[in-house]
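Remarks on the overall topology
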Amino acid sequence: MKVSNQDKDYLLPPGRKVDYLSGVYYSEVEEPFDKVKEYASYFEGIDNLKINYIQTRSESFMVKVVSTEGVDVQERRTFVSLGVAANTVSGSEVSPEVFESRESRRFDIDLDEVKETLKEKTEITSNRTKTEVKGLDVTFTTSAQEELIFPLINFSFSGENFYRKRSIFYPGEDINPKLRITDSPRREDGVFSRSFDAEGMPTQENVLVESSAKTFLTNYYWSRKASLPHTSSASRNFTSLPSISVTNLVIEFKEKSKDVREGTVVVDKVQGVHTSNPETGEFSVVGSVAWLDDGKKRVGLREIVLTGNIKTLLKNVVSQSSPRRCGSLISGDLRVSGISLII
């Protein structure tokens, strides 16, 4: 501190009253061994599938934040996750690996649903082909959104990145009149919900997009430094300083459709997200698990490349299916026009 320039904004936040959530802790996770074994053994020997990886994980932990400025909060939380990777092998032909993961606060993950999803997707990808897809809309499943859209939004709506002029969005900018995106740390169905953030500040719902760009997320320091509202979005572990992060990202689109995938290229997994440029929002990724849905059958696609920009992607959302949860994201399948496809 003696060799740094003084920074008047670098202060600890004052203590505030916290309204504690229910549903973030379940005592059943304190004795997890039988359930963890059940989860792992359930996926052994599925017909025609080569199971490459099974991980079950359960945690019960206490988060406590104390400061000299009056913060003194604590909360016990639980977390359960399941991850299964599988593919098919036929002679010398090996299909792309399909990975399915589910998270919860307790042992209520639907194992049958995970198994059927694995079987369905490995069947689609076991016979892939190259076919004309130019001009078709793209449907991003919740899984693909969690891999591609989530990190780009998390970066772009950081108050620090806004202050440093590294975000492609600005307050009040029109994005999509039917689109709403929120950071919702108090949702009952959010596995990363929390009563207080990493600085001990009470959490709140923050609207990032409602037709236009609304809010940039901040911790206490960046709310002062960037002259932005304090959104209680501090994130950290016990070895790091507080940074800024989304908790549960919720994407909602007013136009809902059960047939959101029909007539589109469906993308379920992407590779190469790390090569995206978050400061410009540009991406070029490989759809490692993707198929063409013509309404009657699904044809696995080989070597498909998607290029675009996160701002254009959000502007061109045209419909959405019913929501589901994938990691930190809650969203339905998103049908998007204007994505460049190369195959």
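Below is a short write-up of the structure. Since the structure is predicted, the reported quantities are computational estimates derived from the model, not experimental observations. (Residues numbered from 1 in each chain as written. Predicted model: local features only at pLDDT ≥ 70, side-chain atom pairs only at ≥ 80, totals over all residues. Heavy atoms only, no water.)

Things to note about the packing of aromatic side chains
Scanning the model with the defined rule gives eleven aromatic pairs in all. Taken together, a centroid distance of 5.6 Å and an interplanar angle of 35 degrees make the contact between Phe79 and Phe192 tilted. Here Phe79 is found in strand S2 (residues 72-87), whereas its partner Phe192 is found in the loop between strand S8 (179-183) and strand S9 (206-210), with 113 residues between them in sequence. You can call Phe79 buried: its relative accessible area is 10%. Over the face of the ring belonging to Phe169 we find Lys311, whose NZ or CZ atom lies 5.5 Å from the ring centre. (Phe/Tyr/Trp six-rings, centres within 6.5 Å; stacked < 30°, edge-to-face > 60°. Helix = DSSP H or I, 4+ residues; strand = E, 2+ residues; numbered from the N terminus. Buried < 20%, exposed > 50% of the residue type's maximum accessible area, 1.4 Å probe, protein only. Lys NZ or Arg CZ within 6 Å of the ring centre and 35° of its normal.)

Examining the sheet that holds strand S1 (residues 50-66)
As a general point, the strands of a sheet are linked pairwise by backbone hydrogen bonds and lie either parallel or antiparallel. What the three strands build is an open sheet, ordered S1-S2-S5; its pairing is antiparallel. The open sheet has two free edges, formed respectively by S1 and strand S5 (98-104), since each of these has just one partner strand. Across the sheet, the mean angle from the axis of one strand to that of its neighbour is 15 degrees, orientation sign disregarded. Strand direction decides the pairing type here: S2 and S5, joined by seven bridges, are antiparallel. Pairing of Val80 across the sheet is with Ser104, part of S5. In the packing of helix H1 (residues 33-42) onto the sheet, the strands contacted are S1 and S2, and the crossing angle to S1 comes to about 150 degrees. Packing of helix H2 (residues 111-125) onto the sheet brings it into contact with S2 and S5, and relative to S5 it is tilted by some 160 degrees. (Pairing = 2+ DSSP bridges. Axes fitted to C-alpha atoms, helices over the stretch in contact; angles between N-to-C directions. Contact = heavy atoms within 4.5 Å.)

So, the nonpolar core
As a rule of thumb, soluble globular proteins bury nonpolar side chains together. In this structure, Phe140, Ile181, Val267, Leu314 and Ile339 are the most contacted members of the largest nonpolar core, which totals 48 residues. In terms of residue count, helix H3 (residues 142-156) provides more of this core than any other element does, six residues in total. With near-sequence residues (within four places) excluded, Ile181 lies in contact with Ile153, Asn206, Val207, Leu208, Val209, Leu249, Val250, Ile251 and Leu314. Grouped together as the second largest cluster of nonpolar side chains are 19 residues, Val29, Phe43, Leu49 and Ile109 included. (Core = buried A, V, L, I, M, F, W, Y, C linked by side-chain atoms within 4.5 Å.)

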